[in-house]
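# Architecture at a glance
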Amino acid sequence: MTGSPWTAMAPGAALAGLALFQPWLEQRMVTHMVLELPLLFAIGWWSARSSAQQGPAWLRSINSGGLSGLTAAMVVSALWMLPLSLDAAVLNPVVGWLKVASVLSAGWLTRISIREASPAIQAFFVLNWAWMTGAAGALYQQAPERLCSTYLLGDQAWAGRGLVALAVAGAATWMVLAFREPSSRPRIDGAG
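Treat the numbers as computed from the prediction; the structure is a model and nothing was measured.

Reading the values: rules and limits
Residues numbered from 1 in each chain as written. Predicted model: local features only at pLDDT ≥ 70, side-chain atom pairs only at ≥ 80, totals over all residues. Heavy atoms only, no water. Helix = DSSP H or I, 4+ residues; strand = E, 2+ residues; numbered from the N terminus. Buried < 20%, exposed > 50% of the residue type's maximum accessible area, 1.4 Å probe, protein only. Contact = heavy atoms within 4.5 Å. Areas by Shrake-Rupley, 256 points an atom, 1.4 Å probe, with all protein chains shown as cover. Axes fitted to C-alpha atoms, helices over the stretch in contact; angles between N-to-C directions. Parallel < 35°, antiparallel > 145°, perpendicular 65-115°, else oblique. 1 Å grid on protein atoms, 1.4 Å probe; cavity = no way out; pocket = protein on both sides within 12 Å on 5 of 7 lines; lining within 4 Å. Points joined across faces, edges and corners; volume = space filled by probe spheres on them. Polar contact = N/O pair within 3.5 Å; in protein donor to acceptor, adjacent residues only side chain to side chain. Expected span 1.5 Å × (residues − 1).

### Considerations on the overall build of the protein
Of the regular secondary structure elements, the protein holds eight helices and zero strands. Along the protein, from the amino end to the carboxyl end, the secondary structure elements read α-α-α-α-α-α-α-α. The 192 residues of the protein split such that 40% are buried. Once local pairs closer than 6 in sequence are excluded, the contacts in the protein between residues at least 24 apart make up 75%. Of the accessible surface of the protein, which amounts to about 10300 Å², a share of 71% is contributed by carbon and sulfur atoms.

Set out below in structure tokens:
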């Protein structure tokens, strides 16, 4: 890993800072789903910033083309969109810690795996994630009753709007980065 010691410690410092605001972030469904979870993912992504880092040997042996890592990240993303999972993360500290660990790992795995993935594989995962996130957002907006017992119905609708916006922003960002001219195209993993 290159850079100063501060650069190496930055993801940990960001995680510690996020932990200070976690109770506030989990008070509302919209901040839980649209701020906390993406921030945890981003910190995991950030921790895998070294272009030389491709993960441990065992991961490289099972992550051909980035498929295993991207699949695991999709499963984690789907899990934390479920109302039951959100309730459990708020009500049970052990599940809350599992949420943090799994979403951080999903960000780390995505960055490592996207380096290995072809544009077609990237498109498959990014666009399926966007569809899944947008569909969950639409369902949260249209549900006539509360889906999460820890959040109010109005907050559920705002979370749904936020998820739709997050899906559009994620897909648009990937498309802008993926379809630039090859000579000016930065690496999608942000390493170069």
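### Here's the deal with the packing of helix α4 (residues 67-79) against helix α7 (residues 119-142)
At a minimum axis separation of 11 Å, α4 and α7 run at an interaxial angle of 5°. Judged by the angle between their axes, α4 and α7 are roughly parallel. Residues L67, L70, T71, M74, S77 and A78 of α4 touch α7, and the partners they reach there are I121, F125, N128, W129 and M132.

### Details of the layout of surface pockets
Rolled over the atoms, a probe sized like a water molecule indicates the empty space that remains. The calculated volume of the largest pocket comes to roughly 860 Å³. Lining the largest pocket are 29 residues, with F41, W45, T110, W129 and G170 sitting closest to its centre. Those elements giving two or more residues to the lining of the largest pocket turn out to be α2 (29-47), α4, α6 (93-116), α7 and α8 (153-178). A total of seven residues in the lining of the largest pocket trace back to one element, the largest contributor, which is α8.

### A closer look at the side chain of D155
By the element assignment, D155 lies in helix α8. Here D155 falls in the buried class, since its relative accessible area comes to 8%. At 2.3 Å, the side chain of D155 and the backbone nitrogen of M29 are in polar contact. Beyond its immediate stretch of four places on either side in the chain, D155 contacts R28, M29 and V30.

### Describing α2
An ideal rise of 1.5 Å per residue puts 27 Å on 19 residues; α2 measures up with 26 Å between its terminal C-alpha atoms. Listing the buried residues of α2 in full gives M29, V30, T31, H32, M33, E36, L37, L40, I43 and G44.

### Some points on α8
Since the α-helix turns once every 3.6 residues, residues separated by three or four places project in the same direction. For α8, with 26 residues, the first-to-last C-alpha span of 37 Å sits near the 38 Å given by 1.5 Å per residue. Every buried residue of α8 is listed here: D155, Q156, A157, A159, G160, G162, L163, A167, A171, W174 and A178. Summarising the contacts, the buried residues of α8 are in contact with α2 and α7.

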